[in-house]
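Secondary and tertiary structure notes
Residues per chain, in single letters:
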Amino acid sequence: MAFFNKRENSGKDSATLKIPDHLAIIMDGNGRWAKKRLLPRSAGHKAGMDNVKAITQAASDLGVKVLTLYAFSTENWRRPDNEVSFLMKLPVIFFNDFVPDLVAQNVRVTTMGDISQLPDATQAAIADAVEKTADNTGMFLNFAINYGGQAEIVQAAKQIAAAVAKGELNPADVDQGTFEAHLDTAPLGQWASPDLMIRTSGELRLSNFLPYQAAYCELYFTDTLWPDFDQAALLAAIKDYTSRDRRYGGL
Ligand code: IPE
Ligand code: IPE
Ligand code: MG
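Residues numbered from 1 in each chain as written. Chains lettered and ligands numbered in written order. Predicted model: local features only at pLDDT ≥ 70, side-chain atom pairs only at ≥ 80, totals over all residues. Heavy atoms only, no water.

1. Brief notes about the confidence of the model for the protein chain
Looking at the protein chain as a whole, the pLDDT averages 95, with 94% of positions reaching at least 70. When pLDDT is averaged over each helix and strand of the protein chain, the minimum, 45, is found for helix H1 (residues 6-10) and the maximum, 99, for strand S3 (residues 22-26). Predicted confidence for residues 6-14 stays below pLDDT 50, and this span has eight contacts to residues more than four positions away or in other chains. (pLDDT = per-residue confidence, 0-100. Helix = DSSP H or I, 4+ residues; strand = E, 2+ residues; numbered from the N terminus. Contact = heavy atoms within 4.5 Å.)

Here you go:
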């Protein structure tokens, strides 16, 4: 667990913050942010994308090891075609603009979810960002795109069943480690499970985000809409997390 002395960073107060190794964020409320301003929903998504840059920098500066951002769920295909196609363009705009900064910040881009169903240009932009940042050694910036936790669990079960059917695996040997090796978070190793999950916009649900990995995650809900969730809001969430007593069933 990393510790961060706020005094050294801001010079304002001496509270010692406990920094979550793996921070997961459900970035919700872009549409409502735009609606409040009488703007189209796409303007909210654009503002939300700009905020990803700010929060990535802030999390990396704080010493977060993995920042997992829920960008598009397997259920978001249900939205109108024009909104889905705008959302599919955002990674192209985001990475074109931001990859040099990510390289400078030593951030590694990774993804979770079925990328193969995305438009070709979106897949290419993601592949390019992953490749250009692959040798970086700092924070993982892990985007959940076309990600759904239930599909992830079913996929893992399918792969394990196939290995059993082929005689490569004995059902008696299937344990948590076997299962976790088949989840999308396996490449994150020791940081596969989030320590803190933040959801913006006041909704009190997980919406199919990391249902397996969140088993012992600390949850933080705020009414702030994602485009307004700034560095101060992130510090408030981490301050709250710092005060939590994580017992994992013990005393
Ligand atoms: C989150 O904002 C972004 C995505 C789900 C892609 P929303 O678009 O869900 O914003 P609201 O919930 O309608 O305000
Ligand atoms: C969750 O937000 C998905 C993302 C933030 C990408 P939604 O806005 O899609 O969730 P629901 O529909 O309110 O549950
Ligand atoms: Mg929403």
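2. Regarding the pattern of salt bridges
Evaluation of the coordinates by the stated rule reveals 16 salt bridges. A salt bridge links Asp 28 to Arg 199; the shortest N-O distance between them is 2.8 Å. Taken together, the positions of Asp 28 in the loop between S3 and helix H2 (30-36) and Arg 199 in strand S7 (residues 196-199) put the pair 171 residues apart, joining distant regions of the chain. Residue classification places Asp 28 among the buried residues on the basis of a relative accessible area of 16%. Between Arg 205 and Glu 203 there is a salt bridge, with the nearest N and O atoms lying 3.5 Å from each other. According to the relative accessible area criterion, Arg 205 is partly exposed, its value standing at 47%. Connected through salt bridges with shared partners, the residues Asp 28, Arg 32, Arg 199, Glu 203 and Arg 205 form a single ionic network. (Salt bridge = Lys/Arg side-chain N within 4 Å of Asp/Glu carboxyl O. Buried < 20%, exposed > 50% of the residue type's maximum accessible area, 1.4 Å probe, protein only.)

3. Quick notes on the site of ligand 1
Near ligand 1 the following residues occur: Met 27, Asp 28, Gly 29, Asn 30, Gly 31, Arg 32, Arg 41, His 45, Ala 71, Asn 76, Arg 79 and Leu 87. One of the backbone N or O atoms of Asn 30 is found 3.2 Å from an oxygen atom in ligand 1. Measuring from an oxygen atom of ligand 1, one finds a backbone N or O atom of Gly 31 at 2.9 Å. Look at ligand 1: alone it shows 380 Å² of surface, and the protein chains cover 86% of it. For ligand 1, the cavity whose grid points lie within 2 Å of the majority of its atoms is the largest pocket. Counting only elements with at least two residues in the shell around ligand 1, the list comes to H2 and helix H3 (41-62). (Near = heavy atom within 4 Å. Polar contact = N/O pair within 3.5 Å; in protein donor to acceptor, adjacent residues only side chain to side chain. Areas by Shrake-Rupley, 256 points an atom, 1.4 Å probe, with all protein chains shown as cover. 1 Å grid on protein atoms, 1.4 Å probe; cavity = no way out; pocket = protein on both sides within 12 Å on 5 of 7 lines; lining within 4 Å. Sits in = over half its atoms within 2 Å of the grid points.)

4. As for the side chain of Gln 105
Relative to the assigned elements, Gln 105 resides in the loop between helix H4 (81-104) and strand S5 (108-112). Those residues within four positions of Gln 105 in sequence are excluded, and the remaining contacts are Thr 56, Gln 57, Ser 60 and Phe 98.

5. Notes on the sheet that holds strand S6 (residues 140-147)
Across a sheet, paired strands are connected by hydrogen bonds in the backbone, their directions being either parallel or antiparallel. Judged by pairing direction, the sheet is parallel, and its six strands sit side by side in the order S5-S6-S4-S3-S7-S8 without closing on themselves. Of all the strands in the sheet, the pair left with one neighbour each is S5 and strand S8 (218-221). If you compare each strand with its neighbour and ignore which way they point, the axes differ by 20° on average. Bridge count between S3 and S7: four bridges; the pairing is parallel. Paired with Leu 23 across the strands is Leu 196, a residue of S7. (Pairing = 2+ DSSP bridges. Axes fitted to C-alpha atoms, helices over the stretch in contact; angles between N-to-C directions.)

6. Quick notes on the site of ligand 2
Close contacts around ligand 2 come from Ile 26, Met 27, Asp 28, Tyr 70, Ala 71, Phe 72, Asn 76, Arg 79, Arg 199, Arg 205 and Ser 207, and that covers them all. Measuring from an oxygen atom of ligand 2, one finds a side-chain N or O atom of Arg 79 at 3.2 Å. Contact between ligand 2 and Ser 207: an oxygen atom at 2.6 Å from a side-chain N or O atom of the residue. Protein contact buries 78% of the 390 Å² of open area that ligand 2 shows by itself. The site holding ligand 2 turns out to be the largest pocket. Looking at the shell around ligand 2, the element that brings in the most residues is strand S4 (residues 66-73), giving three residues.

7. Quick word on the nonpolar core
Membership of the largest hydrophobic core comes to 45 residues, with the highest contact counts inside it found for Ile 25, Phe 95, Phe 143, Ile 198 and Leu 234. Leu 234 has contacts with Leu 23, Ile 55, Ala 58, Ala 59, Leu 62, Ile 198 and Phe 229, leaving out every residue within four places of it along the chain. Counting residues in hydrophobic clusters, the runner-up holds eleven residues, among them Ala 24, Tyr 147, Met 197 and Cys 217. (Core = buried A, V, L, I, M, F, W, Y, C linked by side-chain atoms within 4.5 Å.)

8. Description of the pairing of S8
By the alternation rule, side chains of S8 split into Glu 218 and Tyr 220, which are all buried, and Leu 219 and Phe 221, of which none is buried. Two elements, S7 and S8, share four bridges in a ladder whose sense is parallel. In the strand pairing of S8, Ile 198 is matched with Tyr 220.

9. Quick look at the packing of aromatic side chains
The tally for this structure, following the rule as stated, stands at eleven aromatic pairs. The interplanar angle of 45° and the centroid separation of 5.2 Å between the aromatic rings of Tyr 216 and Tyr 248 together place this pair among those described as tilted. Of this pair, Tyr 216 sits in the loop between S7 and S8 while Tyr 248 sits in the segment after helix H8 (231-242), placing them 32 residues apart in sequence. Taken together, a centroid distance of 5.8 Å and an interplanar angle of 20° make the contact between Trp 226 and Phe 229 stacked. As far as the burial class goes, Trp 226 and Phe 229 line up, both buried. Cluster of aromatic residues (ring-pair linked, three or more members): Phe 94, Phe 95, Phe 98 and Phe 143. For the cation-ring pair, Arg 108 lies above Phe 140, with the distance from its terminal atom to the ring centre recorded as 3.9 Å. (Phe/Tyr/Trp six-rings, centres within 6.5 Å; stacked < 30°, edge-to-face > 60°. Lys NZ or Arg CZ within 6 Å of the ring centre and 35° of its normal.)

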